[in-house]
Amino acid sequence: MTSTPKTILFLAANPQDTGRLRLDQELRDIAEGLQRAQKRDRFTLEQRWAVRPREIQRAMLDVNPSIIHFSGHGTGGTGLMFEDEIGNAKLVDGRALAGLFELFADQIDCVILNGCYAELQAKVIAQHIPYVIGMNQAIGDRAAIIFAVGFYDALGAGRDVKFAYKLGCNAIRLEGIAENLTPVLLNQAPSRNATAYPQSKTPTPFPTAISTNEAIEVFISYSHKDEDLKDELYIHLANLTRQNKIKPWQDRAIEAGTEWDTEIKARLESAGVILLLITPRFIASEYCFDKEMVRAMERHTTGIARVIPIIMKPCDWQDTPFSKLQVLPKDAKPVTSWSDQDEALLNVTQGIRRVVASMQDKKVKQSLIAAPAASLKQSQEVGRFPSPTEGSLPSPALAQDAYEFHVFISYQATGEDKQWVRKLLLPHLESAGLKVCLDTRFPLGVPIITSMERAVQQSQYTVVVLSPNYLESDFSDFESLLSQHLGLEQSKSRLILLKREHCEPRLGLRMLMMLDMTDEDEFETNINRLVHQLRLPPLGSSR
């Protein structure tokens, strides 16, 4: 007997007084993906456009949705933007939506809020609905569409919400967009219907994307002819697994009736750590070496995953793509060459534990950046940056409520750079009424990198003052922070480069347009150009 299809209700709102979004493309791509999906008969897609608040109630009554997908603008603590009677923005706060969804909680399994800063609303709604997805900061239009398509592609293939969420985040990452940590999945309310989506026997709450306690997925690539060695390694990894440090996976876990190649590829793409069990048979295997290993190294090179080669048996592994990596066990002595194989595998496990600890530490540092700006305003009030002295001109409006400053200035705070920024650049900007965030206004007792991360997030633009001193300083790696969290790939143009002295920045920065401040004759023209840009909202559309 065929089960009743679940209805997805797509609610779109793009008020005429807000930035234009490609909501039609989002719906079209979702619909096309569901139409070609293996389990397309499980879902029907309903849509409502230019939605006004009362129309949400009507749609809920009319179509009885199991999944609600909101696509449009979010504004953080103040709510989501729907439309009023004349098509302008009308804010609806998360508590009001949560109250509505609570009335229909017996039928709703999942809510997706595909708009900027919607995590606050998601947290309120998650008190009543099993699965809620929101965005913890601004998300670009392209990233929002890619996430939605990946999410519904997975549902259409019969996967559960957790897997669909991960696939959506990974789809963003595969496109080279640094916003894969923006979607957050909340699983707080108890599920009423265990058969709504496939679940494990003992479901556990799924942590948010920025959780530092989430177990790291570990993919084990090995030859089936070395299965005995793989099983021994699994035994040694048991404590790491029990401590929720890792979630190891290997292809013997594939369930009957599942397409094994598709499952392996999906697991390989979602893994944070990839173990290569190196033996002569692994190197000889076309699938292990030419497919799994090659893709693993691609993900390692881009920094998406960590590849750990483990030399299990003596073999000719030198000059392979992974030979440039640090291998395990110590001294690259094969596991089977140790007098005590358990001692060798203990050495391997300890090496894996160190990698996992390092990755968790990195998550702790990144969590400050990924936290929503609104939460920062509430929880970091003691360390909030003081407001700068207002200039003689009125301060232009900020593009989004989440920004506190028009610009944050990153520079080398010594010597001529320091004098140039504080005595020349800063007065020009503040006299134009711009709100400037500078290191002199960082709170005392807080690590400088933490303050810099907050400043980047809370500022509409970041200006980097380039000089040989800057590029030789510890801040030369600051470009990686900017490229990850300013959304350069989406052309939001929130990064502006000023060349104070002749220097040769790294390739990533050389690709961006620079203002050359080295020519004194052009200084006034360029400073006016800078002020004009900083008074405008960043280019590119975000939700």
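Because the structure is a prediction, the values reported are computed rather than measured.

Regarding the overall build of the chain
Here comes step 1: When helices and strands are tallied, the chain shows 19 helices and 17 strands.
Here comes step 2: A burial count over the chain gives 54% of its 543 residues as buried.
Here comes step 3: Long-range pairs, those at least 24 residues apart, make up 72% of the contacts in the chain with a sequence separation of at least 6.
Here comes step 4: Split by element, the accessible area of the chain, about 24,800 Å² in all, is 50% carbon and sulfur.

Description of helix 5 (residues 141–156)
Residue pairs three or four apart in sequence face the same way in an α-helix, which turns once every 3.6 residues.
Here comes step 1: For helix 5, which comprises 16 residues, the first-to-last C-alpha distance of 23 Å matches the rise-based estimate of 22 Å (1.5 Å per residue) to within 8%.
Here comes step 2: Most of helix 5 sits out of view: 14 of its 16 residues are buried.
Here comes step 3: Downstream of helix 5 by a residue or two, Gly 158 has a phi angle that is positive, lying close to 95°.

Observations concerning the environment of Ala 178
Here comes step 1: Along the chain, the position of Ala 178 falls in the loop between helix 6 (161–174) and strand 8 (183–186).
Here comes step 2: Judged by its relative accessible area of 24%, Ala 178 is partly exposed.
Here comes step 3: Considered as a pair, Ala 178 and Ala 143 are 35 residues apart in the sequence and their alpha carbons are 8.9 Å apart.

Examining the packing of helix 5 against helix 6
Here comes step 1: Relative orientation of the contacting elements helix 5 and helix 6 amounts to 145°, with a least axis distance of 7 Å. Along this stretch, helix 5 crosses helix 6, giving a crossing that reads as right-handed. Taken together, the residues of helix 6 that come into contact with helix 5 (itself represented by Ala 143, Ile 146, Phe 147, Gly 150, Phe 151, Ala 154 and Leu 155) are Val 161, Phe 163, Ala 164, Tyr 165, Leu 167, Gly 168, Cys 169, Ala 171 and Ile 172.
Here comes step 2: When its residues are assigned to classes, the contact of helix 5 with helix 6 shows 14 nonpolar, 2 polar and no charged.

So, helix 1 (residues 23–35)
Here comes step 1: Look at helix 1: 18 Å from first C-alpha to last across 13 residues, which is about the 18 Å you get at 1.5 Å a residue.
Here comes step 2: Contact partners of the buried residues in helix 1: strand 1 (6–13), strand 2 (43–48), strand 3 (67–72), strand 6 (110–114) and helix 5.

A word on the packing of aromatic side chains
Here comes step 1: Under the defined criterion, the tally for this structure stands at 8 aromatic pairs.
Here comes step 2: On the numbers, 5.0 Å between centres and 85° between planes, the contact of Phe 151 with Tyr 152 is edge-to-face.
Here comes step 3: Assessed through its relative accessible area of 1%, Phe 151 is described here as buried.
Here comes step 4: Ring geometry for Phe 289 and Phe 322: centres 6.5 Å apart, planes at 70°, overall edge-to-face. Taken together, the residues span a long stretch of sequence, with Phe 289 in helix 11 (residues 286–301) and Phe 322 in the loop between strand 12 (306–311) and helix 12 (341–370) at a distance of 33 residues. Just as Phe 289 is buried, Phe 322 falls in that class too.
Here comes step 5: Members of the aromatic cluster, connected to one another through ring pairs, are Phe 147, Phe 151, Tyr 152 and Tyr 165.
Here comes step 6: Directly above the ring of Phe 163 sits Arg 159, whose terminal nitrogen or CZ lies 4.1 Å from the centroid.
Here comes step 7: In this structure, Lys 333 packs its charged tip against the face of Trp 338, placed 5.6 Å from the ring centre.

So, the confidence of the model for the chain
Here comes step 1: On average, residues of the chain carry a pLDDT of 80, and 79% of them reach 70 or more.
Here comes step 2: Within the model, pLDDT remains below 50 along residues 365–392, and this stretch shows 67 contacts once partners closer than five positions in the same chain are excluded.
Here comes step 3: Throughout residues 487–492 the model reports pLDDT below 50, and contacts reaching past four residues in sequence, or to other chains, amount to 23 contacts.

What about the nonpolar core?
Here comes step 1: Ile 67, Ile 133, Phe 147, Phe 151, Tyr 152 and Leu 155 are the most contacted members of the largest nonpolar core, which has 37 residues in total.
Here comes step 2: Sorting the residues of this core by element identifies strand 1, helix 1, strand 6, strand 7 (131–135), helix 5 and helix 6 as the ones contributing at least two each.
Here comes step 3: Ranked by the residues each element gives to this core, the list is headed by helix 5, at 9 residues.
Here comes step 4: For Tyr 152, the residues in contact, after removing those within four places along its chain, are Ile 8, Ile 30, Leu 34, Ile 67, His 69 and Ile 112.
Here comes step 5: With 30 residues, the next largest nonpolar core counts Ile 68, Ile 129, Val 184 and Leu 186 among its residues.

Focus: the sheet that holds strand 16 (residues 495–499)
Here comes step 1: The strand order across the open sheet formed by 5 strands is 14-13-15-16-17, and the pairing between neighbours is parallel. Where the open sheet ends on each side, the last strands, each with one partner, are strand 14 (436–437) and strand 17 (514–516).
Here comes step 2: Bridge analysis of strand 13 (residues 405–410) against strand 15 (residues 459–466) gives 5 bridges, and the strand direction is parallel. Residue pairing in the sheet places Phe 408 in a bridge with Thr 462 of strand 15.

Topic: the sheet that holds strand 2
Here comes step 1: Taken in spatial order, the 6 strands line up as 2-1-3-6-7-8 in an open sheet, and their pairing is mixed. Either end of the sheet is taken by a strand with one partner, and the two such strands are strand 2 and strand 8. Mean inter-strand twist for the sheet, computed between neighbouring axes without regard to direction, equals 15°.
Here comes step 2: In this sheet, strand 6 lies alongside strand 3 in parallel orientation, the contact comprising 5 bridges. Opposite Ile 68, over in strand 6, you have Val 111 as the bridge partner.
Here comes step 3: In this fold helix 2 (residues 53–63) packs onto strand 1, strand 2 and strand 3, with an angle of close to 160° to the strand it touches most, strand 1.

Structural notes on the environment of Arg 42
Here comes step 1: Inspection of the secondary structure assignment puts Arg 42 in the loop between helix 1 and strand 2.
Here comes step 2: You can call Arg 42 partly exposed: its relative accessible area is 37%.
Here comes step 3: Distance in space between the C-alpha atoms of Arg 42 and Gly 158 is 8.6 Å, their sequence separation being 116 residues.
Here comes step 4: Setting aside residues up to four positions removed in sequence, Arg 42 forms contacts with Pro 5, Lys 6 and Gly 158.

Some remarks on a negative patch on the surface
Here comes step 1: The grouping of Asp 516, Asp 519, Glu 520, Asp 521 and Glu 522 at the surface amounts to a negative patch.
Here comes step 2: Note that Glu 520 resides in the loop between strand 17 and helix 19 (523–534).
Here comes step 3: Residue Glu 520 is classed as exposed on the basis of its relative accessible area of 72%.

Side note on the pattern of salt bridges
Here comes step 1: In the structure shown here, the tally under the stated rule is 21 salt bridges.
Here comes step 2: Here Arg 22 ties to Asp 141 by a salt bridge, and the two come within 3.5 Å at their closest N and O atoms. With Arg 22 in the loop between strand 1 and helix 1 and Asp 141 in helix 5, this residue pair connects regions lying 119 residues apart in the sequence.
Here comes step 3: One salt bridge connects Arg 500 with Glu 416, and the closest N-O pair in it is separated by 3.7 Å.

Conventions and cut-offs
Residues numbered from 1 in each chain as written. Predicted model: local features only at pLDDT ≥ 70, side-chain atom pairs only at ≥ 80, totals over all residues. Heavy atoms only, no water. Helix = DSSP H or I, 4+ residues; strand = E, 2+ residues; numbered from the N terminus. Buried < 20%, exposed > 50% of the residue type's maximum accessible area, 1.4 Å probe, protein only. Contact = heavy atoms within 4.5 Å. Areas by Shrake-Rupley, 256 points an atom, 1.4 Å probe, with all protein chains shown as cover. Expected span 1.5 Å × (residues − 1). Axes fitted to C-alpha atoms, helices over the stretch in contact; angles between N-to-C directions. Left-handed = near helix turned anticlockwise from the far one by under 90°. Nonpolar A, V, L, I, M, F, W, Y, C, P; charged D, E, K, R; others polar. Phe/Tyr/Trp six-rings, centres within 6.5 Å; stacked < 30°, edge-to-face > 60°. Lys NZ or Arg CZ within 6 Å of the ring centre and 35° of its normal. pLDDT = per-residue confidence, 0-100. Core = buried A, V, L, I, M, F, W, Y, C linked by side-chain atoms within 4.5 Å. Pairing = 2+ DSSP bridges. Patch = residues over 30% accessible without salt bridge, like charges linked within 9 Å, V, L, I, M, F, W, Y side chains within 5 Å. Salt bridge = Lys/Arg side-chain N within 4 Å of Asp/Glu carboxyl O. Lys, Arg positive; Asp, Glu negative; His and termini not counted. Charge placed at Lys NZ, Arg CZ, Asp CG, Glu CD.

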